[in-house]
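A structural walkthrough
Spelled out from the first residue to the last, the chains are:
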Amino acid sequence: MKNLLIFLTLSLSLRADFITPVFSDDFSRDEATPGKEDIGNGWTSNSAWRAKGHQQVDLIDGHMHVTKHAEADHGVAIFHNVEFQDGIVELRFKLGEGDDLGVDFVDRELKTVHAGHLCIARVTNEAVTITDSKTGGMDNEIRARREKGDKSPELAALLKSKTKSFKLDLKPNEWHSMNIKVVGDQMTVRIDDLEAVSFSSEGIAHPTKRMITLAVNKSANVDDVKVSKLK
């Protein structure tokens, strides 16, 4: 029994050594100019070209507050460069009624998919959805078919196979934690202390995730973002 405990302790220590911190942010700062979007710490957003330069990301009380502007023609996207194959993204979030938050893994050097979208975990107060974008809806050929109005059963079945949703019952306007782990072709998501949910699909295994994007269609609050590299 003693030898087993020693073995398990050593195994856990070795496993921890393979977790390499890449980036973290607690947003405990203010913008240089009040009212002007200035996230800092390496973050950028699409506000300049999607919201006519209007501020959509505000640093308030030590966290990131995101609101899509009325003149925006696209959801808010907030980018940060990272680079790993397998990794973990942790953060805290708060959503109001009808809000959502996506954590999108991106490789803009990949030209076979729209804007480099690989895979995404999206959370609302009612559900968490994991999607393989690379071999699903963001594949250039598939996206072109959809834009041309292709509603064939074959395409519908393909797209359905690339995503999976799991029910949640979160209290709105309260802080919750989210842990996303990508290993090989599997993405596993844990919300608070709830049982983790997983989905496997080939696009998730893309060898280089070069960026994470926080994607907000309406409004969301985000804090304590941490990114770690496993491979």
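Up top is the structure these notes are about.
The sections below set out a description of the structure shown in this document. The shown structure was predicted, so the numbers you read here are calculated from the model rather than taken from an experiment.

On to the packing of aromatic side chains, then. Scanning the model with the defined rule gives four aromatic pairs in all. Seen from their ring centres, Phe84 and Phe105 are 6.2 Å apart, and the 80° between their planes marks the pair as edge-to-face. Taken together, the residues span a long stretch of sequence, with Phe84 in strand E5 (residues 76-84) and Phe105 in strand E7 (residues 101-106) at a distance of 21 residues. Taken as a pair, Phe84 and Phe105 share a single burial class, namely buried. Three or more aromatic residues joined by ring pairs make a cluster, and in this case those are Phe23, Phe27 and Trp43. Geometry around Trp175 places Arg92 over its ring, the cationic atom sitting 4.6 Å from the centre.

Time to look at the pairing of strand E6 (residues 87-94). The pairing of E6 with strand E11 (residues 176-183) spans seven bridges and is antiparallel. Bridge pairing in E11 places Glu90 opposite Asn179. Two strands pair when backbone bridges link them, and E6 and strand E15 (residues 219-229) are joined in this way by seven bridges, in the antiparallel orientation. Paired with Gly87 across the strands is Lys229, a residue of E15.

Reading the values: the criteria
Residues numbered from 1 in each chain as written. Predicted model: local features only at pLDDT ≥ 70, side-chain atom pairs only at ≥ 80, totals over all residues. Heavy atoms only, no water. Phe/Tyr/Trp six-rings, centres within 6.5 Å; stacked < 30°, edge-to-face > 60°. Helix = DSSP H or I, 4+ residues; strand = E, 2+ residues; numbered from the N terminus. Buried < 20%, exposed > 50% of the residue type's maximum accessible area, 1.4 Å probe, protein only. Lys NZ or Arg CZ within 6 Å of the ring centre and 35° of its normal. Pairing = 2+ DSSP bridges.

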